Amino acid sequence: MINNFKTAFEYVNSRYIYNDKNYPAMANMTTEQEKTIFALKHGLLHIFKHRDKLQCGDAWKDLKRNTRHYNLLALPDKQLPFSYIAYKKTLLKTVINILSICNTAGISQHNLSNMKIPSDKQMRKMVSASKNKIPTLGQCLNRFVEEMAIVLEKADHTNKINLDKVVDLAVDLYICVAYGLRDDTWVPKFLAQIPNVMKSK
């Protein structure tokens with residue numbers, strides 16, 4: 001049963017598997033380095049695809065005005081307006097891809113579950129452009145996409161991936177999401193819906 005990030009990590013990464021059966025483009029890859037770069041690029045493309053959807057639409061506008069409405073994301077789809085259903089699915093898929101990227105980077109379930117949720121002050125430091133405001137998920141996703149793109153571009157030239165940098169970026173993104181989804185009153189029921197939007201590989 002999925003009811004926290006630890007169990008979500010286990011569920012996602014036991015099913016989200018990178019191999020040539022699920023991704024034929026990997027058939028001719030012979031080194032772990034090549035496979036890691038492919039998996040990170042694929043995860044980045046998913047994040048890139050979803051980030052704008054999390055910063056627009058009626059549900060986003062409503063949640064921005066009243067953060068207490070986030071608890072609606074724990075409800076079944078049949079009890080929600082369409083805009084909330086679409087937003088919830090996008091947010092769930094974003095969580096799935098973040099957990100997959102963490103796994104690809106070599107971050108263990110144990111390490112993630114032992115990470116402390118940062119204070120408001122620590123969160124403000126995560127995005128340098130927002131010195132006086134806690135960064136939004138959208139800002140954290142933008143930062144991740146921009147900096148990961150630089151890492152992967154260098155990997156194309158050198159055929160080597162800077163995993164230390166990838167780990168730092170993945171941890172920062174995970175912490176941002178864990179900070180935003182730290183409310184025990186609705187988050188467990190929200191995370192429990194991951195199987196509804198995830199195709200088992």
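Reference entry: report on the structure contained in this document. Since the model is a prediction, treat every value here as computed from it, not as a measurement.

**What to know about the overall build of the chain**
On a plain count of helices and strands, the chain comes out with 10 helices and 0 strands. Ordering the α and β elements of the chain from the N terminus gives α-α-α-α-α-α-α-α-α-α. For the chain, the spread of C-alpha atoms along the principal axes amounts to about 50 × 40 × 30 Å. Residue burial in the chain is summarised as follows: out of 201 residues, 43% are buried.

**Here we look at the nonpolar core**
Counting residues in hydrophobic clusters, the biggest one holds 66 residues, and the most contacted among them are F5, L99, Y174, L181 and I194. Counting only elements with at least two residues in this core, the list comes to α1 (5–15), α2 (32–51), α3 (58–65), α4 (82–104), α7 (137–158), α8 (163–180), α9 (187–191) and α10 (194–197).

**A closer look at the state of the cysteines**
Two cysteines whose sulfur atoms are joined by a covalent bond form what is called a disulfide. As enumerated under the stated definition, the model contains 1 disulfide in all. Between the sulfur atoms of C140 and its disulfide mate C176 the distance is 2.3 Å. Taking the sign of the S-S torsion, 85° for the link of C140 and C176, the bridge is right-handed. Of this pair, C140 sits in helix α7 while C176 sits in helix α8, placing them 36 residues apart in sequence. Exposure remark for C140: the relative accessible area of 7% places this residue in the buried category. Free of any disulfide, C102 has its nearest cysteine sulfur in C176, 12 Å distant. What makes C102 buried here is its relative accessible area of 0%.

**Comments concerning unusual backbone geometry**
Even without being glycine, N159 reaches a positive phi, approximately 60°. Relative accessible area serves as the criterion here: at 46%, N159 is assigned to the partly exposed category.

**Description of the packing of α2 against α7**
At their nearest, the axes of α2 and α7 sit 10 Å apart, and the two run at 150° to each other. The orientation of α2 relative to α7 falls into the category roughly antiparallel. Considering only the axes of α2 and α7, their crossing is left-handed. The residues of α7 that touch α2, namely those facing I37, L40, K41, L44, I47, F48 and R51, are L141, N142, F144, V145, M148, A149, L152, A155 and D156. Classifying every residue of the contact of α2 with α7 gives 12 nonpolar, 1 polar and 3 charged.

**A closer look at the side chain of N97**
With respect to the element layout, N97 can be found in helix α4. Apart from residues no more than four positions distant in its own chain, N97 is found in contact with Y16, G43, H46, I47 and H50.

**What to know about the pattern of salt bridges**
Across all of its chains, the model carries 6 salt bridges by this definition. With a shortest N-O distance of 3.9 Å, E32 and K35 are connected by a salt bridge. Here the residue E32 and the residue K35 both occupy positions in helix α2, the gap between them amounting to 3 residues, near one helical turn. On the basis of relative accessible area, K35 is assigned to the partly exposed category, the value being 28%.

**A word on the environment of L99**
Note on placement: L99 falls in helix α4. Among all residues touching L99, those that are not within four sequence positions of it are F5, A8, F9, V12, N13, L112 and Y174.

**Remarks on a positive patch on the surface**
Where like charges cluster on the molecular surface, the positive patch consists of K49, K53, K89, K93 and K199. Tracing the backbone shows K89 in helix α4.

**Let's talk about the environment of I37**
Of note, I37 is situated in helix α2. The spatial distance from the C-alpha of I37 to the C-alpha of I107 is 15 Å, given a sequence separation of 70 residues.

Conventions used here
Residues numbered from 1 in each chain as written. Predicted model: local features only at pLDDT ≥ 70, side-chain atom pairs only at ≥ 80, totals over all residues. Heavy atoms only, no water. Helix = DSSP H or I, 4+ residues; strand = E, 2+ residues; numbered from the N terminus. Buried < 20%, exposed > 50% of the residue type's maximum accessible area, 1.4 Å probe, protein only. Core = buried A, V, L, I, M, F, W, Y, C linked by side-chain atoms within 4.5 Å. Disulfide = S-S within 2.5 Å. Axes fitted to C-alpha atoms, helices over the stretch in contact; angles between N-to-C directions. Parallel < 35°, antiparallel > 145°, perpendicular 65-115°, else oblique. Left-handed = near helix turned anticlockwise from the far one by under 90°. Contact = heavy atoms within 4.5 Å. Nonpolar A, V, L, I, M, F, W, Y, C, P; charged D, E, K, R; others polar. Salt bridge = Lys/Arg side-chain N within 4 Å of Asp/Glu carboxyl O. Patch = residues over 30% accessible without salt bridge, like charges linked within 9 Å, V, L, I, M, F, W, Y side chains within 5 Å. Areas by Shrake-Rupley, 256 points an atom, 1.4 Å probe, with all protein chains shown as cover. Lys, Arg positive; Asp, Glu negative; His and termini not counted. Charge placed at Lys NZ, Arg CZ, Asp CG, Glu CD.

Purely geometric numbers; function is a separate question.
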